[in-house]
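Residues per chain are reported as follows:
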Amino acid sequence: MTQSSKAFYWMAVPALVLFVTLHTVPALTGVFFSFTDYAGYGKWNFVGLENYLSLFKDDRVLSSYSFTFLFAITTTVVVNILALGLALLLNAKIKFQTAFRGLFFIPNVLAILIIGYVFNFIFSNSLPLLGQWLGIDWLSTSILANEDLAWLGIVAVSAWQAIAFSVILYLAGLQTIPAELYEAAGLDGASYWRQFSSITFPMIGAFFTINMVLSLKGFLQAFDQIVALTNGGPGTATESVAMVIYRGGFQGGEYGYQMANSVVYLLVIVAVSVIQLRTLQRKEADF
Amino acid sequence: MTRTTDTPATVRPVTEQRRSPRRGRLSGGVNWPLTALAAVLALTVLIPLYLTVVTALKTPDQLGGSGFEWPTRIRLENFSDAWNLTNFPRALLVSAIVTVGAVVLTILSNSLVAYAIARNLHKPFFKFLYYFFVAALFVPFPIIMLPATKEMAVLGLDNPVGLFLLYTVYGLSFNVFVYTAFIHSIPRELEEAATMDGASTWGIFRRIIFPLLTPMNATVGILTCLWAWNDFLLPLVILSDPAARTLPLAQYVFQSQFNTNYTVAFASYLMAMAPLLLVYLFAQRWVISGVMRGSIK
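Cut-off values and rules
- Residues numbered from 1 in each chain as written.
- Chains lettered and ligands numbered in written order.
- Predicted model: local features only at pLDDT ≥ 70, side-chain atom pairs only at ≥ 80, totals over all residues.
- Helix = DSSP H or I, 4+ residues; strand = E, 2+ residues; numbered from the N terminus.
- Buried ≥ 20, exposed ≤ 12 C-beta atoms within 10 Å, placed from the backbone.
- Contact = placed C-beta atoms within 7 Å.
- Nonpolar A, V, L, I, M, F, W, Y, C, P; charged D, E, K, R; others polar.
- Axes fitted to C-alpha atoms, helices over the stretch in contact; angles between N-to-C directions.
- Parallel < 35°, antiparallel > 145°, perpendicular 65-115°, else oblique.
- Core = buried A, V, L, I, M, F, W, Y, C linked by C-beta atoms within 7 Å.
- pLDDT = per-residue confidence, 0-100.
- Left-handed = near helix turned anticlockwise from the far one by under 90°.

Asker: Please explain the overall build of chain B as it appears in this structure.
Answerer: Regarding its fold elements, chain B presents 13 helices and 0 strands. Helices and strands in chain B line up, N terminus first, as α-α-α-α-α-α-α-α-α-α-α-α-α. Put simply, chain B has 297 residues, and 41% of those count as buried. Within chain B, counting contacts between residues at least 6 apart in sequence, those at least 24 apart form 76% of the total.

Asker: How should I be thinking about the overall build of chain A in this particular structure?
Answerer: Helix and strand counts for chain A stand at 12 helices and 0 strands. Going from the N terminus to the C terminus, chain A shows its helices and strands as α-α-α-α-α-α-α-α-α-α-α-α. Taken along the three principal axes of its C-alpha coordinates, chain A extends 75 × 75 × 35 Å. The buried share of chain A, taken over its 287 residues, is 41%.

Asker: So what exactly am I meant to see when it comes to the interface of chain A and chain B here?
Answerer: Chain A puts 65 residues into the contact, and the matching count from chain B is 67 residues. Among the elements that make up the side of chain A that touches chain B, the one with the highest residue count is helix H1 (residues 3-33) of chain A (16 residues). Counted by class, the side of chain A that touches chain B contains 47 nonpolar, 14 polar and 4 charged residues.

Asker: Would you take a moment to explain the packing of H1 of chain A against helix H7 (residues 160-184) of chain B for this structure?
Answerer: In helix packing, the relevant descriptors are the interaxial angle and the interaxial distance, both defined with respect to the helix axes. Where H1 of chain A meets H7 of chain B, the axes come as close as 10 Å, and the angle between the chain directions of the two elements is 105 degrees. Accordingly, the angle class assigned to the pair H1 of chain A and H7 of chain B is roughly perpendicular. Contacts between H1 of chain A and H7 of chain B involve Ala15, Leu18, Phe19, Leu22 and His23 of chain A from the former and Leu166, Val169, Tyr170 and Leu172 of chain B from the latter. Of the residues that constitute the contact of H1 of chain A with H7 of chain B, the class distribution is 8 nonpolar, 1 polar and no charged.

Asker: Please clarify how the environment of Ala184 of chain A should be interpreted in this entry.
Answerer: Mapped onto the fold, Ala184 of chain A is located in helix H7 (residues 179-187). Along the backbone, Ala184 of chain A and Gly131 of chain A are 53 residues apart, and their C-alpha atoms lie at a distance of 49 Å.

Asker: Just to check I follow, could you spell out the nonpolar core for this structure?
Answerer: One recurring pattern in soluble globular proteins is that nonpolar side chains are buried together. With 160 residues, the main nonpolar core has Ile114 and Val167 of chain A together with Val113 and Ile117 of chain B as its most contacted residues. Counting residues per element, this core draws most heavily on helix H6 (residues 150-174) of chain A, which supplies 17 residues. Contacts of Val113 of chain B, omitting those with residues within four sequence positions, involve Met11, Ala12 and Ala15 of chain A together with Leu172 and Val176 of chain B.

Asker: Could you clarify how one ought to interpret the confidence of the model for chain B in this entry?
Answerer: As a note on interpretation, predicted positions should not be read in detail where pLDDT is low. Residue and element names in this part refer to chain B. Per-residue confidence for chain B averages 85 on the pLDDT scale, and 90% of its residues sit at or above 70. Mean pLDDT across the elements of chain B ranges from a minimum in helix H1 (residues 8-26), with 39, to a maximum in helix H4 (residues 88-118), with 95. Below pLDDT 50 for its whole length, residues 1-27 participates in 1 contact with residues either more than four positions away or in separate chains. Interface confidence for the predicted complex, expressed as ipTM, amounts to 0.89; the pTM equals 0.88.

Asker: What is the right way to look at helix H8 (residues 189-196) of chain B in this model?
Answerer: With 0 of 8 residues buried, H8 of chain B lies mostly on the surface of the structure. Downstream of H8 of chain B by one or two residues, Gly198 of chain B has phi in the positive range, about 90 degrees.

Asker: Just checking my understanding: could you explain unusual backbone geometry for this structure?
Answerer: Among all residues save glycine, negative phi is the norm, and among peptide bonds the norm is trans. All names here are of chain A. Note the cis peptide between Gly233 and Pro234, where omega equals -5 degrees. Relative to the helices and strands, Pro234 resides in the loop between helix H10 (224-229) and helix H11 (241-251). Here the phi dihedral of Phe96 falls at roughly 55 degrees; this positive angle occurs in a residue that is not glycine. Counting through the fold element by element, Phe96 comes out in the loop between helix H3 (59-91) and helix H4 (97-105). The backbone of Asn231 shows a phi angle near 50 degrees, a positive value even though the residue is not glycine.

Asker: Would you explain the environment of Gly294 of chain B in this entry?
Answerer: By the secondary structure assignment, Gly294 of chain B is in helix H13 (residues 262-296). Gly294 of chain B sits 76 residues away from Ala218 of chain B along the chain, and the two C-alpha atoms are 9.5 Å apart.

Asker: Would you explain the packing of H3 of chain A against H6 of chain A in this entry?
Answerer: Residue and element names in this part refer to chain A. Between H3 and H6, the least distance of the axes is 6 Å, while the angle of their chain directions is 40 degrees. With respect to their mutual orientation, H3 and H6 come out oblique. For the element pair H3 and H6, the recorded crossing hand is right-handed. Counted by class, the contact of H3 with H6 contains 21 nonpolar, 6 polar and no charged residues.

Asker: Could you clarify how one ought to interpret the environment of Asp231 of chain B in this entry?
Answerer: All names here are of chain B. Relative to the helices and strands, Asp231 resides in the loop between helix H10 (214-230) and helix H11 (233-238). Note on Asp231: 25 C-beta atoms within 10 Å, which makes it buried. Between the C-alpha atom of Asp231 and that of Ala243, which follows or precedes it by 12 residues, the distance is 18 Å.

Asker: For this particular structure, what's the right way to read the confidence of the model for chain A?
Answerer: Mean pLDDT over chain A works out to 90, with 98% of the residues at or above the 70 mark. By mean pLDDT, the top-scoring element of chain A is H3 of chain A (95), and the lowest-scoring one is H7 of chain A (84).

Here is the structure:
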């Protein structure tokens, strides 16, 4: 081995060792304990696939999956539509462009837990007053206390924070489009909508893909904002999968069981990401 | 004096001047309706911030209305109460240690690993390493949360040091991805010439590659800083000593103890948000261009 290639191994191997110790080993121990009845302490026995079978009969787990998916898909769509619109706006010839860009990025600098607490106050105190004043029934009590509407509050707060980051990615994409394309389209008399659908959107296809994948993956892990807004309630109406794993695993003595849940969740996330990447990239190629 | 020794402050007026005639010509092109729209939409960001500030200044008896009323009497003791009740200086110190530790260690180590991988992708070991790290992007923390927490406790790393070590290691997946893309754009001729002059691989990294990575280091540093400063779940499960809490964790504990004490709570939120918000206000251009750079690579 030459001196230089030895050095390259010395650069990479310590990081690999740390990564395996702190990431891969926990992942594998987790998989191992998912086949046991380990409570997080004390003795344990192998139970085979029992944990996995029980998951599919557990209403709390099933409802956390349906809540998480409903929430994550809705928020991903909302965030990407609004962020794309906002990016187009911030890329247009507006006054104070830099200042506006700086301002719209602020939510991303703040901790979503704290944002959640602030919005919790708005949802439970300010909005009901507005609802009463406007005579809107469903808005005149706190939507966070309403089993059917609480999830929308979580969508709103998550979107408020996440749009900032997506806008920046879309702006980066918009800047890669050469201005000549628009000049040519303008000469041909193409409408604004036509320019968007034939030039802008296809040209930022890769940014759309990456935004959709990152958003969905992020929202599927939602935890902080839910703790701050509803803490899973009312009842267990807004418990996300991450929250069920946390509560069951740390507080409920369900270590082995929740590890089975984690393994299933991992498979779901990988499957969703792969499907998403495949379909979106095929679309990209079609343009 | 050459251009490179000019400070940014002296460069900026020159470019502004050069640009201004062109801008003047286009000033008819400013889209005022869209500017107005942007201003209206900006309220969605500003109103919650306004609410945080006014609530933090009020006395509890002024909380009755919608919350948006201007405070009639200002109670600055909210801040001193929050300062004491959340042990603010302590939480600030812990957050600072975790964030600075994570940023410094991430930039130094992750760039090094990425350099080794980027220059050896033709070797099976490094190719495997690359895909191994990037594949871990699909393994979100909640999935390994239970065993990782147990392991950190066994290793005696359930403290701020362990926490920034975790940010450094868990950041590898994404950072290796962006760093290697950037390193591929650096011509190898530089390194070959340095090798001819007798420089070692470590020396090349330290003197040539690392300085060239500066824009990417900024991007990775900014993203790591935002993550480590604002994260809640990792500190919640890893930090076992109640005396060592990060700022978001301190807000959570405070909220669970005094959940109706809104005025003091909001003062506390404001103090927890302020440090990074202040840094951002001064460095916003730089932060935004840094984040954009990360997405183009």
